[in-house]
Amino acid sequence: MNRKQRRAARQPGSNVRPALAALDGTRIPGGCDDCDAYQTIDATHAPMFMLNVHHDDTCPWFTTYRKENA
Ligand SMILES: [Zn+2]
């Protein structure tokens, strides 16, 4: 997100936050080049939104990540 987009997101009446809130819990395909991952948006702390990437159990990238961040 660039500065212009961040400023637009802060404007009253912006469509960004309601659009993100509407996606709460929806599965969005993608998010990892190494597996068949999907993403979900967590809007429980709106106006802060968390994007979670759900990797396959066999994802080589996530396997390496878990080993390096155990
Ligand atoms: Zn993955």
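That block above? That's the structure.
Residues numbered from 1 in each chain as written. Predicted model: local features only at pLDDT ≥ 70, side-chain atom pairs only at ≥ 80, totals over all residues.

**Details of the overall build of the protein chain**
Phase 1: Along the protein chain, the regular secondary structure elements total 3 helices and 3 strands.
Phase 2: Along the protein chain, helices (α) and strands (β) appear in the sequence α-α-β-β-β-α when read from the amino end.
Phase 3: Its C-alpha atoms give the protein chain a radius of gyration of 15 Å, clearly above 11 Å, the size a compact globule of 70 residues would have.
Phase 4: Seen along its three principal axes, the alpha-carbon backbone of the protein chain occupies a region of about 45 × 25 × 20 Å.
Phase 5: Residues counted as buried form 1% of the 70 residues belonging to the protein chain.
Phase 6: For the protein chain, long-range pairs separated by at least 24 residues make up 17% of all intrachain contacts whose partners lie at least 6 apart in sequence. (Helix = DSSP H or I, 4+ residues; strand = E, 2+ residues; numbered from the N terminus. Rg over C-alpha atoms; globule rule 2.2 N^0.38 Å. Buried ≥ 20, exposed ≤ 12 C-beta atoms within 10 Å, placed from the backbone. Contact = placed C-beta atoms within 7 Å.)

**Structural notes on the environment of Asp 24**
Phase 1: Along the chain, Asp 24 falls in the loop between α2 (16–22) and β1 (28–29).
Phase 2: Its 13 C-beta neighbours within 10 Å are what place Asp 24 among the partly exposed residues.
Phase 3: When the C-alpha atoms of Asp 24 and Lys 67 are compared, they prove to be 30 Å apart, with 43 residues separating the residues in sequence.
Phase 4: Beyond its immediate sequence surroundings of up to four residues, Asp 24 is in contact with Ile 41, Asp 42 and Ala 43.

**Looking at unusual backbone geometry**
Peptide bonds are mostly trans, and most non-glycine residues show a negative phi.
Phase 1: The amide bond that connects Ala 46 to the next residue, Pro 47, takes the cis arrangement and shows omega of 15°.
Phase 2: Relative to the elements of secondary structure, Pro 47 occurs in the loop between β2 (38–42) and β3 (50–54).

Shape is all these values report; function is a separate question.
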